[in-house]
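Each chain is listed here by its residues.
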Amino acid sequence: MCLAIPGRLVSIEGDDPLLRAGRVDFAGVVKVVNLAYVPEATIGDFVLVHVGFAIARVDEDEAARVLAYLAAMGDLAELEEPPVS
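The rules we used
Residues numbered from 1 in each chain as written. Predicted model: local features only at pLDDT ≥ 70, side-chain atom pairs only at ≥ 80, totals over all residues. Heavy atoms only, no water. Core = buried A, V, L, I, M, F, W, Y, C linked by side-chain atoms within 4.5 Å. Buried < 20%, exposed > 50% of the residue type's maximum accessible area, 1.4 Å probe, protein only. Contact = heavy atoms within 4.5 Å. Helix = DSSP H or I, 4+ residues; strand = E, 2+ residues; numbered from the N terminus. Lys, Arg positive; Asp, Glu negative; His and termini not counted. Salt bridge = Lys/Arg side-chain N within 4 Å of Asp/Glu carboxyl O. Polar contact = N/O pair within 3.5 Å; in protein donor to acceptor, adjacent residues only side chain to side chain. Phe/Tyr/Trp six-rings, centres within 6.5 Å; stacked < 30°, edge-to-face > 60°.

### A look at the nonpolar core
Right, so step 1: Ranked by size, the top nonpolar core spans 13 residues in total, and within it Val24, Val33, Leu35, Val47, Val49 and Ala54 carry the most contacts.
Right, so step 2: Not counting residues up to four positions away in its chain, the partners in contact with valine 47 are Ile5, Pro6, Gly7, Val24, Ala41, Ala54, Ala56, Arg57 and Val58.

### What to know about the side chain of arginine 20
Right, so step 1: By secondary structure assignment, the location of arginine 20 is in the loop between β1 (5–13) and β2 (21–26).
Right, so step 2: Summary of buried charges: arginine 20 has no salt-bridge partner, and the nearest side chain of opposite charge, glutamate 40, is 6.8 Å away.
Right, so step 3: Here valine 38 takes part through its backbone oxygen, which lies 3.4 Å from a polar atom of the side chain of arginine 20.
Right, so step 4: At a separation of 2.7 Å, a polar atom in the side chain of arginine 20 contacts the main-chain carbonyl oxygen of alanine 41.
Right, so step 5: What arginine 20 contacts, discounting residues up to four positions off in sequence, is Ile12, Glu13, Gly14, Val33, Asn34, Leu35, Ala36, Val38, Pro39 and Ala41.

### Side note on the packing of aromatic side chains
Right, so step 1: Under the defined criterion, the tally for this structure stands at one aromatic pair.
Right, so step 2: For the pair tyrosine 37 and phenylalanine 53, a centre-to-centre distance of 5.4 Å together with 40° between the ring planes defines the contact as tilted. In this pair, tyrosine 37 sits in the loop between β3 (29–34) and β4 (46–50) while phenylalanine 53 sits in strand β5 (residues 53–58), placing the two residues 16 residues apart along the sequence.
Right, so step 3: Tyrosine 37 gets classed as exposed once you look at its relative accessible area, which sits at 55%.

Purely geometric numbers; function is a separate question.
Below, the structure written as structure tokens:
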């Protein structure tokens, strides 16, 4: 099963609408995602991310609820970076 995970947009790079990318903070883990599907997103917004693409903006309360459910189920471990050996 695939999930979309909410995160806070902390920075934006690029002007090309198709290549615009942002750094998104998922409860402490920051990943770079494509912002082509959410051209209206600005720094500080919460976005739902699925397979490297932000697919929608969500409000902060909804993002907090989803992250709490995922944490309770133990499904946030996939976001963590693997240990460097």
